Amino acid sequence: MATSDIICVTNKSICEKSGEAFLERIRKVAEARPLAIILREKDLSLEEYRELAREVSKICKQVEGSRLIIHNFFELILEIDIDNKLVSENNLEKKSDSVNTFSSLHMPLWKLEELYKNQPGVYAELRSKLTHLGASCHSVEDAKLAEKLGCTYIIAGHIYNTDCKKGLEGRGLGFLRDVVESVTIPIFAIGGITPENINDVRNAGASGACIMSSSMTSESPKDLIMSFSK
């Protein structure tokens, strides 16, 4: 089972630039036992993302304690697998590779709020199917809204200066403390998190942290995750 407090965020393009097959990288990351893997591939269509998510899900199911979090595409949580329904109705054996078990979702806060306001029925159905719901927050006000919307965790950032946010100053540990104190749900820090500063992040009250580039490029994801150990 995963014992880490580190969430790995994917970036397929980084893998492709390094010449490594993305699914092979996912396997290595899953076997490193992070707390979860967020499949954050913003340049894909819903159809492309669905196919990739199914492949990543297969890998995660093979690694005990590995959790996949769908990013943005809430439609995947709501989809009904007709084949599975027919199989169930006829008491036939289910095919493990066709079962839709997506139950964790991370969304931009603005999109989550929009769904809540404009499609309350869809939002209620979505929440009923989820075990974990997260949102990205950049202020105390964001965090309070995320909790109100029913989020079970928040990703707050960016904390430190990072190449992913070039030209934008990190919000710092003071910001992180303020967010932690404003809500009752777990906060995970993102942005420039390293083994050298992770304890400062934890001491600020965060339940853990997210990493992206390093998890996609590290020679040994297992050693990387271990380097963040408490």
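Here the structure is a predicted model, which is why all the values come from computation and not from measurement.

(A) Fine view of helix α2 (residues 22–31). Every buried residue of α2 is accounted for by Phe-22, Arg-25, Ile-26, Val-29 and Ala-30. Looking straight down α2, one finds that the buried residues subtend no more than 135 degrees of arc, so they occupy a single side. Along its buried surface, α2 packs onto β1 (6–9), α1 (12–18), β2 (36–39), α3 (46–62), α11 (213–217) and α12 (221–227). Two residues or fewer after α2 comes Arg-33, characterised by a positive phi angle close to 60 degrees.

(B) Structural view of the pattern of salt bridges. Here the structure, examined in full by the defined rule, presents eight salt bridges. Its salt-bridge partner being Arg-202, residue Asp-5 comes within 2.8 Å of it at the nearest N-O pair. With Asp-5 in the segment before β1 and Arg-202 in helix α10 (residues 198–203), this pair connects stretches of sequence that are 197 residues apart. In this pair, the class of Asp-5 matches that of Arg-202, namely buried. The partner of Glu-51 in a salt bridge is Arg-54, and the shortest N-O contact between them spans 3.3 Å. Linking Glu-51 with Arg-54, this pair stays in helix α3, spanning three residues, or about one helical turn. One continuous salt-bridge network, built from bridges that share partners, spans Glu-20, Arg-25 and Lys-28.

(C) The arrangement of the sheet that holds strand β6 (residues 153–157) in detail. One closed barrel accounts for eight strands, arranged β1-β2-β3-β4-β5-β6-β7-β8; its pairing is parallel. Averaged over all neighbouring strand pairs, the angle between strand axes comes to 25 degrees, with direction disregarded. Sheet topology note: the β2/strand β3 (residues 68–71) ladder contains three bridges and is parallel. If you follow Leu-39 over to β3, its bridge partner there is Ile-70. Along the sheet face, α3 touches β2 and β3 and points at about 170 degrees away from the line of β3.

(D) Representation of the nonpolar core in the model. Within the largest apolar cluster, 64 residues are counted, with the highest numbers of intra-cluster contacts made by Ile-70, Leu-105, Ile-154, Leu-176 and Ile-193. Ranked by residues supplied to this core, first place goes to α3 with six residues. The contacts of Ile-154, once residues within four sequence positions are left out, are Ala-135, Cys-137, Ala-143, Ala-146, Val-183, Ile-185, Pro-186, Ile-187 and Phe-188. In this structure, Ile-7, Val-9, Ile-69 and Cys-210 belong to the second largest nonpolar core, which totals 10 residues.

(E) Representation of the packing of aromatic side chains in the model. Throughout the structure, instances matching the rule amount to three aromatic pairs. With a centroid separation of 4.7 Å and an interplanar angle of 45 degrees, the aromatic rings of Tyr-49 and Phe-73 are classed as tilted. Note that Tyr-49 is positioned in helix α3 and Phe-73 in the loop between β3 and α4 (75–78), a separation of 24 residues in sequence. Each member of the pair Tyr-49 and Phe-73 is classed as buried. Lying over the aromatic face of Phe-175, Arg-171 brings its terminal NZ or CZ to 5.8 Å of the ring centre.

(F) How the structure looks around the pairing of β2. What you see with β2 is no split at all: Ala-36 and Ile-38 on one side and Ile-37 and Leu-39 on the other are buried throughout. With three bridges connecting them, β1 and β2 associate as parallel partners. Bridge pairing in β2 places Val-9 opposite Ile-38. Handedness of the crossover joining β2 and β3 through α3: right-handed.

(G) Molecular detail of the side chain of Ser-218. Take Ser-218: it is sitting in the loop between α11 and α12. At 3.1 Å, the side chain of Ser-218 and the backbone oxygen of Ser-220 are in polar contact. In contact with Ser-218, other than residues within four places in its own chain, are Arg-25 and Leu-224.

(H) Layout of unusual backbone geometry. Of the consecutive residues Gly-157 and His-158, the connecting peptide bond is found in the cis state with omega at -5 degrees. In this fold, His-158 is placed in the loop between β6 and α9 (172–182). Positive phi, close to 60 degrees, is recorded for Arg-33, a residue that is not glycine. Within the element layout of this structure, Arg-33 appears in the loop between α2 and β2.

Thresholds, definitions, all that
Residues numbered from 1 in each chain as written. Predicted model: local features only at pLDDT ≥ 70, side-chain atom pairs only at ≥ 80, totals over all residues. Heavy atoms only, no water. Buried < 20%, exposed > 50% of the residue type's maximum accessible area, 1.4 Å probe, protein only. Helix = DSSP H or I, 4+ residues; strand = E, 2+ residues; numbered from the N terminus. Arc of directions from axis to C-beta. Contact = heavy atoms within 4.5 Å. Salt bridge = Lys/Arg side-chain N within 4 Å of Asp/Glu carboxyl O. Pairing = 2+ DSSP bridges. Axes fitted to C-alpha atoms, helices over the stretch in contact; angles between N-to-C directions. Core = buried A, V, L, I, M, F, W, Y, C linked by side-chain atoms within 4.5 Å. Phe/Tyr/Trp six-rings, centres within 6.5 Å; stacked < 30°, edge-to-face > 60°. Lys NZ or Arg CZ within 6 Å of the ring centre and 35° of its normal. Right-handed = clockwise from strand over helix to strand, strands pointing away. Polar contact = N/O pair within 3.5 Å; in protein donor to acceptor, adjacent residues only side chain to side chain.

By themselves, these observations are geometric and do not establish any function.
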